[in-house]
Amino acid sequence: MKALFSPPFVRVWLGSTASGLATWALPFVLGLAMLDGRLSAADLGLALAARTIGFLVAVPIAGVLSDERGPRQIIFVSGVVAAGSIPIMIAGLYAHGVSGLLLLLAGASVIGVGQGACRPAYQAIIPEIVKSDRLQAANAVMSIAVRVTSILGPATISFVALWSGTVAAFGVIALLWLASALMPPNVTSRSTGLPRGEGLTFGRLVRDFCEGAREARGHPWFMAGLLSLTVTVAAGYSVTSVLLPGISQEAFGSAALMTSTATAYMVGALAGALLMARWHPRRRGWVALAGLALYGLVPFSLLFADIRIIPILAYFVAGVGIEIFNVPWFTSVQNEIPPNRLSRVSSIDFLFSYGLAPLGLALIAPLATVLGRDVLLICVGLACLFIPAAAALAPTARSFSKRHSPARGASGEHGGHGDHL
């Protein structure tokens, strides 16, 4: 672990942490603005939807450009763009009528572009500054930062907003994005592999992105793991997010269950990331998929929500499991994908795992009405358990590698080097 504390890695870690704090803080600040009467609940929903659209548009484009120009440049641009969106959003909050809403939505979509652009770039820059045998520990440390910022982001921003107002809180978010832009070091990129000098056309972006998709399809373990992850996010995480508030109110008359399960999940995720900083399982693909499957316990636990300890334990175990998946997953992507296609393959990961989540959120309530809440929980729990199990049967899934067999020790399983949920 000491080898990770080199100045370049610390700077990348600080930049990624700053972007994570800014990402988690924004919805909270917008919520405070709603409480202040600056926007309605409908406006808040539209702003968050606009941010998601900006994210989804930016991710594949950033993947292509990061492979061409190097991830450091994309991190800088994404941070500056996200910081520059903050004055637009503030203007939207203080303007009136349709013009104010349009400014708010424009700012939200621009900040979404910044958030989406930095995701694949941060994934691609880590192998450029960390040796292969340290990548798994590095990804574990990055995951720890994600979990800590998910707690500290809203807490820090709420403190700033209460003492200095909503505008000051927005200012802190802008400063965090500028820190993300400036903090990572300049590196000699190994990833530049696309032709320079061509015009940046839509056709070229599509062609280059499709080349990344072909690379992804050439790794059966990646396609199987991505399918499992997408189901877990779009179905498992969405169903518990939508149904948990009502279940908590029904069982305890308050948000007590929501608070305790969220805390248990974050504590479990921190424990899982710490575990994976040192544990290098020989069959890391199977172990990772087994960890992901543990989220299937969460929907089943909500069937017994009146016994609070059951969902609390389920969320804790799911938190441990998601990092048992995340850390080897990111490590394998960084090890197995050629550097000149790494950003594009990473963008496919984020595009599907995040991109289909809004669809899951939109479908949960109607499905619960049609099937019944308990039946939906059972179906989602079974899907989260069995789809990763089926993915484990895919070729190369055992080790998340086409190049190394599990028996090759340090060069394979033990040579491993935001996480999703």
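This one's a predicted model, so the numbers in the text were calculated from it and none came from an experiment. (Residues numbered from 1 in each chain as written. Predicted model: local features only at pLDDT ≥ 70, side-chain atom pairs only at ≥ 80, totals over all residues. Heavy atoms only, no water.)

Each helix and strand counted, the protein chain has 15 helices and zero strands in total. Radius of gyration (C-alpha) of the protein chain: 21 Å, near the 22 Å computed for a compact globule of 421 residues. Counting all 421 residues of the protein chain, 53% fall into the buried class. Accessible area of the protein chain: about 17000 Å², with a carbon and sulfur share of 71%. Put simply, the protein chain has 28 plus and 18 minus side-chain charges, and the middle of one group is 8 Å from the middle of the other. (Helix = DSSP H or I, 4+ residues; strand = E, 2+ residues; numbered from the N terminus. Rg over C-alpha atoms; globule rule 2.2 N^0.38 Å. Buried < 20%, exposed > 50% of the residue type's maximum accessible area, 1.4 Å probe, protein only. Areas by Shrake-Rupley, 256 points an atom, 1.4 Å probe, with all protein chains shown as cover. Lys, Arg positive; Asp, Glu negative; His and termini not counted. Charge placed at Lys NZ, Arg CZ, Asp CG, Glu CD.)

Taken together, the side chains of Phe352, Leu356, Leu359, Leu363, Leu367, Val370, Leu371 and Val375 present a nonpolar region at the surface, about 690 Å² in accessible area. The leading source of residues in the nonpolar patch is helix α14 (residues 357–371), at five residues. Mapped onto the secondary structure, leucine 363 falls in helix α14. (Patch = residues over 30% accessible without salt bridge, like charges linked within 9 Å, V, L, I, M, F, W, Y side chains within 5 Å. Salt bridge = Lys/Arg side-chain N within 4 Å of Asp/Glu carboxyl O.)

Within the fold, serine 353 resides in helix α13 (residues 342–355). Overall, serine 353 belongs to the buried group, its relative accessible area being 3%. Within the local environment of serine 353, its side chain forms a polar contact with the backbone oxygen of aspartate 349, the two atoms lying 2.7 Å apart. (Polar contact = N/O pair within 3.5 Å; in protein donor to acceptor, adjacent residues only side chain to side chain.)

In this section: the pattern of salt bridges. Close approach of charged atoms allows side chains of opposite charge to pair. Evaluated as defined, the whole model comprises 11 salt bridges. Among the salt bridges present, the one from glutamate 68 reaches arginine 204, with a minimum N-O distance of 2.1 Å. With a gap of 136 residues between them, glutamate 68 in helix α2 (residues 41–69) and arginine 204 in helix α7 (residues 202–217) connect regions that are remote in the sequence. Here glutamate 68 and arginine 204 have matching classes, each one buried. Across the pair glutamate 250 and arginine 373 runs a salt bridge whose closest N-O atoms are separated by 3.2 Å. Here glutamate 250 is found in helix α8 (residues 220–252), whereas its partner arginine 373 is found in helix α15 (residues 373–391), with 123 residues between them in sequence. Connected through salt bridges with shared partners, the residues Asp67, Glu211, Glu215, Arg341 and Arg344 form a single ionic network.

All right, on to the side chain of serine 85 then. Mapped onto the elements, serine 85 comes out in helix α3 (residues 71–94). Within the structure, serine 85 has its side chain in polar contact with the backbone oxygen of alanine 82 (distance 2.6 Å). Apart from the residues lying within four places of it in its own chain, the contact partners of serine 85 are Gly107, Val110 and Ile111. (Contact = heavy atoms within 4.5 Å.)

Time to look at the nonpolar core. Of all hydrophobic cores here, the largest spans 53 residues; its most connected members are Phe222, Leu243, Tyr315, Phe325 and Trp329. Per-element accounting of this core gives the leading share, 10 residues, to α8. When residues no more than four places from it in sequence are discounted, the contact partners of leucine 243 are Ile364, Ala368, Arg373, Leu376 and Leu377. Counting 48 residues, the second largest nonpolar core, distinct from the first, contains Ala22, Val141, Leu176 and Trp177. (Core = buried A, V, L, I, M, F, W, Y, C linked by side-chain atoms within 4.5 Å.)

As a further point, take helix α6 (residues 166–182). In this model α6 runs 25 Å from its N-terminal to its C-terminal C-alpha over 17 residues, within 8% of the 24 Å that 1.5 Å per residue would give. When α6 is considered as a whole, its buried residues turn out to be Thr166, Ala169, Phe170, Ile173, Ala174, Leu176, Trp177, Ser180 and Ala181. Projected down its long axis, α6 carries its buried residues within an arc of 155 degrees, all on one side. Opposite the buried face of α6, by more than 90 degrees, sit the exposed residues Leu175 and Leu182. Taken together, the buried residues of α6 touch α1 (7–35), α3, α4 (97–129) and α5 (135–164). (Expected span 1.5 Å × (residues − 1). Arc of directions from axis to C-beta.)

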